[in-house]
Amino acid sequence: MITIKTILAVLIMAIVTYIPRALPLTFFRKKIESPWIRSFLYYVPYAVLGAMIFPAILYSTQSTVAATLGLFIAILLAFLEKNLVVVAMGSIFVVYLCEFFLVR
Amino acid sequence: MTEVHKNKTKKRNNEFKTGCKKGIPICLGYIPVSFTFGLMAVQGGFPPWFPIFISITNLTSAGQFAGLQLILQNSTLVEIGITTFIINIRYMLMSLSLSQKISPTMSFLKRALISYGITDETFAVSSMEKEELSFGYLGGLMIGPIFGWTLGTSLGAFASSLLSDRIQSAMGIALYAMFIALVIPASKYSKKITAVLFLSVFLSCLCTWTPVLNKIPSGWKLIVATLVSAGIGATLFPIEEGQK
């Protein structure tokens, strides 16, 4: 099953994963002056996270219903500014409980 | 050792420790995901060392899953390279964003090392920090996740019965819940951030659920949603210096 081609494939994957990670960080040393770009970069983390969370979270477990409940619990706990681990554990627990009754 | 020197070393140690602590939840969240990856690879007929080799060299989720699928389908190397590259272009935005948060004097080698550990999750946690990011902090932050990603893959490859289907499924929500925990407190105090957040969620849903737009490869969806929503945010609500 393992051939030179599969090893090459993994190395190519590693390279095309590393390059976008490294290019800006290693070559971009100056602080950006443009207020628009600075504002843009200020919003990037929230924009990335928003798009990464939704709608993917709905399909992150076996049952969409359970995932939706988990989502609400996570939002509630996060709104109360609970610790990261508490938020994660809370939603895992709710999904587990929910799927216990819903799945199979 | 002079007093100044001692203080510097102490500060560095503290930054490293803070980073390590913040990396623990990411490490735990990675285990079920990489577990699934190890399991899938072995079920696909590969020896256990193979998925571990992929996890160490790639350290990414979506790209690895897609890559493994393509290898199993016997796709060409060009196809594998292009597909995984498209999935990973998002890292350029994260890397650019981080480049503005680290000290301009950090050496090339340190930057090259840090780059390896940029993932959606380490980016999410470090970009929520208010202060300048040091090498010690970032290194500490990345060690746990790298370990968890490798450990999970190994467990999935060698001991696939360790996590039951139910627990695996429930833990699938962990990383998303973590993202929510990172984003909500910030948006609670800023209407501008809330607006950008809702906009990107809306665009991401649009790209997933509407015909034609749902043909966009998933790697691009995230980029389109990010560029457009952060761009609109920067145009409508520019940030004054020192206002953050």
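Here the structure is a predicted model, which means the values were calculated and not measured.

Rules and cut-offs
- Residues numbered from 1 in each chain as written.
- Chains lettered and ligands numbered in written order.
- Predicted model: local features only at pLDDT ≥ 70, side-chain atom pairs only at ≥ 80, totals over all residues.
- Heavy atoms only, no water.
- Helix = DSSP H or I, 4+ residues; strand = E, 2+ residues; numbered from the N terminus.
- Rg over C-alpha atoms; globule rule 2.2 N^0.38 Å.
- Buried < 20%, exposed > 50% of the residue type's maximum accessible area, 1.4 Å probe, protein only.
- Contact = heavy atoms within 4.5 Å.
- Areas by Shrake-Rupley, 256 points an atom, 1.4 Å probe, with all protein chains shown as cover.
- Core = buried A, V, L, I, M, F, W, Y, C linked by side-chain atoms within 4.5 Å.
- Domains from an automatic or database assignment.
- Phe/Tyr/Trp six-rings, centres within 6.5 Å; stacked < 30°, edge-to-face > 60°.
- Buried area = accessible area lost by both parts, 1.4 Å probe.
- Salt bridge = Lys/Arg side-chain N within 4 Å of Asp/Glu carboxyl O.
- Polar contact = N/O pair within 3.5 Å; in protein donor to acceptor, adjacent residues only side chain to side chain.
- Nonpolar A, V, L, I, M, F, W, Y, C, P; charged D, E, K, R; others polar.

Asks: Could you give an account of the overall build of chain B, with specific residues and numbers?
Replies: Counting its regular elements, chain B contains 12 helices and zero strands. Helices and strands appear in chain B in the N-to-C order α-α-α-α-α-α-α-α-α-α-α-α. The globule rule puts the C-alpha radius of gyration for 244 residues at 18 Å, and the 20 Å found for chain B is close to it. Each principal axis of the C-alpha atoms in chain B carries an extent, and together these give about 55 × 55 × 35 Å. Residue burial in chain B is summarised as follows: out of 244 residues, 50% are buried. For chain B, the share of sequence-separated contacts (at least 6 apart) that also reach a separation of at least 24 residues comes to 76%. When the accessible surface of chain B is totalled, it reaches about 11,300 Å², and 68% of it is carbon and sulfur.

Asks: Just give me the short version of the nonpolar core, but keep the residues and values in it.
Replies: Membership of the largest hydrophobic core comes to 71 residues, with the highest contact counts inside it found for A:Ile57, B:Ile118 and B:Ile180. For this core, the leading source of residues is helix α2 (residues 35–53) of chain A, giving 12 residues. If you count residues domain by domain, this core takes at least three from each of domain 1 (3–178) and domain 2 (190–244) of chain B. What A:Ile57 contacts, discounting residues up to four positions off in sequence, is A:Ala67, A:Leu71, B:Ile173, B:Tyr176 and B:Ile180. Counting 12 residues, the second-largest nonpolar core is a separate cluster that includes A:Ala9, B:Leu70, B:Ile71 and B:Ile80.

Asks: Any details on the packing of aromatic side chains? Residues and values, ideally.
Replies: Going through the model one piece at a time under the given rule, you end up with 12 aromatic pairs over all chains. With 6.3 Å between their ring centres and 35° between their planes, A:Tyr96 and A:Phe100 make a pair best called tilted. Residue A:Tyr96 and its partner A:Phe100 are located together in helix α4 (residues 84–102), separated by four residues, close to a single helical turn. Taking relative accessible area as the criterion, A:Tyr96 reaches 30% and is therefore assigned partly exposed. On the accessibility criterion, A:Phe100 (47% relative accessible area) is partly exposed. An aromatic cluster of at least three residues, connected via ring pairs, comprises B:Phe46, B:Trp49, B:Phe50 and B:Phe53.

Asks: Hey, could you go over the interface of chain A and chain B for me, with residue numbers and the actual values?
Replies: At the junction of the two partners, chain A supplies 74 residues and chain B supplies 104 residues. Taken over both partners, the interface formed by chain A and chain B buries close to 8,000 Å², and the fraction arising from carbon and sulfur atoms is 73%. Contact with chain B buries surface across chain A, with A:Arg21, A:Leu25 and A:Tyr43 losing the most and accounting together for 11% of the total. Here chain A and chain B share one salt bridge between them. Note that B:Lys188 is salt-bridged to A:Glu81, the shortest N-O span being 3.0 Å. At the junction of chain A with chain B, the criterion picks out 32 residue pairs in polar contact (both at pLDDT 80 or more). Among the elements that take part in the side of chain A that touches chain B, helix α1 (residues 4–27) of chain A stands out by supplying 21 residues, more than any other. Class assignment of the residues belonging to the side of chain A that touches chain B gives a composition of 55 nonpolar, 10 polar and nine charged.

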